[in-house]
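Okay, here's what each chain looks like letter by letter:
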Amino acid sequence: MVERARAPPRHDGTTGEDARTRGVVGHHTDGPGAELVMHRGLLVPRPAEVWRMLSSQLSVDELIIAGDGLVCRRDPLATMAQLRRALAVNAGRRGNLSLRAAFEQVRPRTDSQRETTLRLLVVRAGLPEPEVNGRLTSDEERERYGDLVFRPWRVVLEYEGVQHQQSRAAYLDDIDRFDDLSPRWRFVRVTKEHSAEQIVRRTTAALRDAGWRP
């Protein structure tokens, strides 16, 4: 019986067989600076380092969405400081221009990919940049937040995801939230069925009614 020859080890101690297995795509670091951590018995890059590695494969918008997801509001996997360090490590390497352009547009505190795409949509349409998941109530009141908050004009762009329809608790909480806040804030509520043109038009109208001028 002839044994299958094993691939020789690489400089990082792995072999071709280690990097190539069913359902796994291997990716090798391209020089010093990678931050590695032990996870479930495997030595893996930190999330911010993976974001950096993908800079030559993803578009700027995809990198923005991924970056927002890493520094999200709940259980973030990275900080802006870690993304900034990853950007510095990537200087002079492939994908650096895309990574830098993405980093400048990453914003913490997002809850979903849709919030990111909505924010990019309205900003690129020439509207003011909204605050992400900004608080709408005072310190003395129950904490209430809006998805994308145009604070100077007291306008909120709110994305109604599927969970708002499928969860009775979320549905009832939304009713209470809008009842509590509607006298003080104007809400533009959108769903995935609304086109980009509709979202921009409705948000622009709400901001203009509140006194905003381009």
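The shown structure was predicted, so the numbers you read here are calculated from the model rather than taken from an experiment.

Student: Residues and numbers for the overall build of the protein chain, please.
Tutor: Looking only at helices and strands, one finds nine helices and eight strands in the protein chain. Here the protein chain holds 214 residues, and 34% of them are scored as buried. A separation threshold of at least 6 residues defines the contact pool for the protein chain, and within that pool the share at least 24 residues apart is 52%. For the protein chain, the accessible surface area stands at approximately 13,200 Å², while carbon and sulfur atoms represent 52% of it.

Student: Residues and numbers for the sheet that holds strand β7 (residues 155–159), please.
Tutor: Read across the sheet, four strands follow the order β5-β6-β7-β8 without closing on themselves; strand pairing throughout is mixed. Lying at the two open borders of the sheet, with one neighbouring strand each, are β5 (131–135) and β8 (186–190). Averaged over neighbouring strand pairs, the angle between their axes works out to 45° when direction is ignored. With four bridges joining them, β5 and strand β6 (residues 145–150) adopt antiparallel strand pairing. The residue bridging Val132 from the neighbouring strand is Leu148, located in β6. Its contacts with the sheet place helix α6 (residues 113–124) against β5, β6, β7 and β8, and it is angled at close to 15° to β6. This element, helix α9 (residues 196–209), spans β6, β7 and β8 of the sheet and lies at about 180° to β8.

Student: Outline α6, supporting the account with residue identities and numerical values.
Tutor: Here α6 is twelve residues long and its end C-alpha atoms lie 17 Å apart, about the 16 Å a rise of 1.5 Å per residue gives. Turning to α6, its buried residues are Glu115, Thr116, Leu118, Arg119, Leu120 and Val122. Tucked inside the fold, the buried residues of α6 contact α3 (60–70), β5, β6, β7, β8 and α9. Of the residues flanking the end of α6, it is Gly126, one or two places downstream, whose phi is positive at about 95°.

Student: Any details on the environment of Trp185? Residues and values, ideally.
Tutor: With respect to the secondary-structure elements, Trp185 resides in the loop between α8 (168–181) and β8. What makes Trp185 buried here is its relative accessible area of 4%. When residues no more than four places from it in sequence are discounted, the contact partners of Trp185 are Leu136, Val149, Arg151, Arg154, Val155 and Val156. A polar atom in the side chain of Trp185 sits 3.2 Å from the backbone oxygen of Leu136.

Student: Quick rundown of a nonpolar patch on the surface? Include the residues and the values.
Tutor: Taken together, the side chains of Leu36, Met38 and Leu43 present a nonpolar region at the surface, about 330 Å² in accessible area. Checked against the element boundaries, Leu36 lands in strand β3 (residues 36–39).

About the criteria used
- Residues numbered from 1 in each chain as written.
- Predicted model: local features only at pLDDT ≥ 70, side-chain atom pairs only at ≥ 80, totals over all residues.
- Heavy atoms only, no water.
- Helix = DSSP H or I, 4+ residues; strand = E, 2+ residues; numbered from the N terminus.
- Buried < 20%, exposed > 50% of the residue type's maximum accessible area, 1.4 Å probe, protein only.
- Contact = heavy atoms within 4.5 Å.
- Areas by Shrake-Rupley, 256 points an atom, 1.4 Å probe, with all protein chains shown as cover.
- Pairing = 2+ DSSP bridges.
- Axes fitted to C-alpha atoms, helices over the stretch in contact; angles between N-to-C directions.
- Expected span 1.5 Å × (residues − 1).
- Polar contact = N/O pair within 3.5 Å; in protein donor to acceptor, adjacent residues only side chain to side chain.
- Patch = residues over 30% accessible without salt bridge, like charges linked within 9 Å, V, L, I, M, F, W, Y side chains within 5 Å.
- Salt bridge = Lys/Arg side-chain N within 4 Å of Asp/Glu carboxyl O.

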